[in-house]
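# Close look at the chain arrangement
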Amino acid sequence: MTIEKINKINNPLTIIAIFAALAEVNSSVAISFINPELHYIFIWFIIGFPVMLVLLFFGVLIFKSNVMYAPSDFRDDDSYFKSMHKNNYGVLEDGKVENLEEKIINELEIKINEKINQQIDKVSQKGVIDKKVDTKSLKDEMKFITNESVKEIKNEFFLTDELKSKMLNYINYPAFYILIYSIVRSKATNIKKLEEYSMRYFIPEDWSLGLQMLIENEIVIGNNNSFKINDKFREQLENWVLGNRNILILMRQQFRRKRESPKNLADRFDERIYVMARGLKF
């Protein structure tokens, strides 16, 4: 068997199994070096440890089974992120990992149907429903209704030209996108709350300087001590975060790994981050 054929350990379940086995073997070997008077204590530990481990294992398996799998065990990133937000019965929790495209399509379908029904009602009221209908005029009218509906949906879910131009200014500085994501997700209105969020979920370094830049660009209004997202952009940014959530989380992970890795590997992480940033939807 060659070394190349040996799979690396990247699954939490495998790590737990190896840890339990090593702990039991080491304990069995160590007992011969312990004072005989303490043997009974150590024996109870050897008995109790695997029992406790099994109970904890099944507790995690029942209440949080998704953490037992590595990201590589899933078919794609979308499946992985969805599994992170499922409850015990495999149902997505409210407000988590919503499919923005599905939402847009559903809204579009509703709006188009409403407008078509309105046109049919108008024609019916005029009493011309049984007369010969000009097919070209009808097609043009339906096309117009569809285009107008698409414009309305785009205005509702996507960035306006003003905000889009501001956001694209950060394309070479992707840390801004993580900062915007963090402010939207945490609903932070002061430095303290943003610091608490950063401790749990990580925001790239020097984010206080980034916050100042967002204030200068009027994406965020206020000052470093007290701020909020500009009301003019709030809904758009919330939808932008929702639609790009998976990419933004992956970018945040790359920033964290970059900070925790040796400096000679920084370029590799930067390259990944820039590629991800160019995959964001605006």
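Now for a quick tour of the structure. Keep in mind the model is a prediction, meaning the values are calculated, not measured.

The secondary structure content of the chain amounts to 12 helices and 2 strands. Starting at the N terminus and walking to the C terminus, you meet the elements of the chain as α-α-α-α-α-α-α-α-α-β-β-α-α-α. By residue count, 30% of the 282 residues in the chain fall in the buried class. For the chain, contacts bridging at least 24 residues in sequence account for 63% of all contacts bridging at least 6. Taken as a whole, the chain presents about 19300 Å² of accessible surface, with 57% of it coming from carbon and sulfur.

Moving on: the pattern of salt bridges. Summed over all chains, the structure comprises 4 salt bridges. Ionic pairing is found between Lys 232 and Glu 162, a salt bridge with its closest N-O pair at 3.2 Å. Remark: Glu 162 occurs in helix α6 (residues 161-168) and Lys 232 occurs in helix α10 (residues 231-243); sequence separation between them is 70 residues. Its salt-bridge partner being Asp 231, residue Lys 228 comes within 3.2 Å of it at the nearest N-O pair. Given the relative accessible area of 34%, Lys 228 is considered partly exposed.

Further remarks concern the packing of aromatic side chains. For any pair of aromatic rings, the description consists of the separation of the ring centres together with the inter-plane angle of the planes. Within the structure shown, the criterion is met by 9 aromatic pairs. Residues Tyr 177 and Phe 282 carry aromatic rings whose centres are separated by 5.7 Å and whose planes lie at 50° to one another, so their mutual orientation is tilted. Of the two residues, Tyr 177 is situated in helix α7 (residues 175-186) and Phe 282 in the segment after α12 (266-277); the sequence distance between them amounts to 105 residues. Tyr 177 sits in the buried class, given a relative accessible area of 0%. One aromatic cluster is present, built from ring pairs that chain together Tyr 170, Phe 176, Tyr 177, Trp 240 and Phe 282. Over the ring of Phe 269 we find Arg 272, and its NZ or CZ is 5.3 Å from the ring centre.

What counts, and where the lines are drawn
- Residues numbered from 1 in each chain as written.
- Predicted model: local features only at pLDDT ≥ 70, side-chain atom pairs only at ≥ 80, totals over all residues.
- Heavy atoms only, no water.
- Helix = DSSP H or I, 4+ residues; strand = E, 2+ residues; numbered from the N terminus.
- Buried < 20%, exposed > 50% of the residue type's maximum accessible area, 1.4 Å probe, protein only.
- Contact = heavy atoms within 4.5 Å.
- Areas by Shrake-Rupley, 256 points an atom, 1.4 Å probe, with all protein chains shown as cover.
- Salt bridge = Lys/Arg side-chain N within 4 Å of Asp/Glu carboxyl O.
- Phe/Tyr/Trp six-rings, centres within 6.5 Å; stacked < 30°, edge-to-face > 60°.
- Lys NZ or Arg CZ within 6 Å of the ring centre and 35° of its normal.

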